[in-house]
Amino acid sequence: MHETTTSRKKTLVSRLLLIFGLTILLCAEGYFAFRLHGLSEQQEEIKTEYSNINNITFGLFSVEQWRDKVSGIVEHQIRDFSLSPKQKKELRKEVEQTVIALIDKAEALVNKPKKTLGGKIKKFAIKTFVNTDKIRAQAPEFAEKILAKVDNRGNKNHLSRMAMSKFDSLQRAEYLDSTVAATKKATDKVFEKYRVSSTDQLNKVLISTLGRIKTATYSYSFAMLGCIAIVLSLWWIFRKRVDLHATLFIMSLMFAFILLAVGLTASMIEVDARIQTLDFMLLGEHVTFKNQVLFFQSKSILDVVSVLLGQTAIDSVLVGVLILIFSILFPVMKLSATGIHLLSGKRIAENRVIKYFAFQSGKWSMADVIVIAILMVYIGLNGLLESQLRSLNIKSADLTVITTNNTALQPGFIIFISFVLYGLILSTILKFISPHDCD
């Protein structure tokens, strides 16, 4: 009797210690999951803002962007315009010939026979007081003065202001376009959010932030997997402690629920295609567009279900319902049923519904199918994007186009596939430790 009481006390103490230790580990798992979920949402928000600001519609296809780049080139070309000695010599010769041609033309018009008295008087006066030969002799001097005017810094600045006034009028006209005005308002809002004043500054801030988030998300993902590894190692350690199996299994289920929650809500796949660099020559100067986003999407399983259920097409809604039932509800029901089966009495544990979800629903659950489907989509889509973007690459003296494909699987995929594998292991363990009929 005394030995039985002592044994019970030891078992109770062992259970309490196990529960206490696993509760601490569960809290750590929950914290890692919470941080991973929050960072996943933050990363998606930042990347969406980045893709919107750097979208090709507001870059390469933007009248405003072209105006800024072309106006800079025009202003630079006019203000920095200069003639080489050879060009000056040739231009002086052309100007002299033009001046002489004008004099000859004027003289021909004067010498043309006049029919009226007034015309004859004007002709006589011009021939008497105007020496055309003397004017012709001054043609080189006129040419020199004209070249000096062309090369004058003040005149260049005046010409530049005249040219730039046309671009300024285009800038004022842009506000008549409600779409451009709305885009500018949204851009200014993002600038204000991150306390920057230009797209270049914003990109630096966002890229730096995304780098930190990526490192943190993978750290939390591996920390969660580390917790699961500890739980599985405890099963090996306590494989002969039958009295602890039920407690350990129920606690293991809680870890599975956390994995499932994060796997369903965190981003699983990210599609990002962009033109990294487009560089070409215009008026002897480089025009460059960088990081022009062609397409960006980041989705979790719940996001996909939400999008499908929100469609008007019946086939899309049907697919959304199927994914919701077999990839979300079935795994939840299966985990719940395994816990009920283990803890309940024989009558409830061997209930048809409980036994079905605990042991037979796995063949209907599409969680593993979703994992394979996402992996296949990633492989196929990644290959397709690589092929299509590679065909856009151009490298020549006048035009350079470099594309990049940043499509990648996200930590949510790692967590979800870990849940699927962990769930299979727990199902196998349940068959060995269940005190009830498992058939």
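Residues numbered from 1 in each chain as written. Predicted model: local features only at pLDDT ≥ 70, side-chain atom pairs only at ≥ 80, totals over all residues. Heavy atoms only, no water.

Q: Can you explain helix H10 (residues 242-265)? Please cite residues and give values.
A: End to end, H10 covers 36 Å across 24 residues, agreeing with the expected 34 Å (1.5 Å per residue, within 8%). Counting buried positions over the 24 residues of H10 gives 17, a clear majority of the element. (Helix = DSSP H or I, 4+ residues; strand = E, 2+ residues; numbered from the N terminus. Expected span 1.5 Å × (residues − 1). Buried < 20%, exposed > 50% of the residue type's maximum accessible area, 1.4 Å probe, protein only.)

Q: If you had to explain the nonpolar core to someone new, which residues and values would you point to?
A: Leu22, Phe249 and Phe255 are the most contacted members of the largest nonpolar core, which totals 59 residues. The set of elements that each furnish at least two residues to this core consists of helix H1 (2-53), helix H8 (178-194), helix H9 (199-237), H10, strand E2 (285-299), helix H11 (301-309), helix H12 (314-343) and helix H16 (411-433). Broken down by element, the residue count for this core peaks at 13 residues, all from H10. Non-local contacts of Leu22, meaning those with residues more than four positions away in its chain, are made with Val231, Leu234, Leu248, Met251 and Phe255. Judged by nonpolar contacts, the second largest core, of seven residues, contains Ile56, Ile275, Leu278 and Val287. (Core = buried A, V, L, I, M, F, W, Y, C linked by side-chain atoms within 4.5 Å. Contact = heavy atoms within 4.5 Å.)

Q: I'd like to hear about unusual backbone geometry, residue by residue, with values.
A: Unlike most non-glycine residues, Arg195 shows phi in positive territory, near 55°. When its relative accessible area of 81% is taken as the criterion, Arg195 is described as exposed.

Q: Please set out the environment of Leu278 residue by residue, giving values where relevant.
A: By the element assignment, Leu278 lies in strand E1 (residues 269-282). Taking the C-alpha atoms as reference, Leu278 lies 5.7 Å from Thr400; in sequence the two are 122 residues apart.

Q: Describe the side chain of His245, and please don't skip the residues or the numbers.
A: The topology assignment puts His245 in helix H10. For His245, a relative accessible area of 10% puts it in the buried group. Apart from residues no more than four positions distant in its own chain, His245 is found in contact with Trp235, Phe238, Arg239, Lys240 and Ile433.

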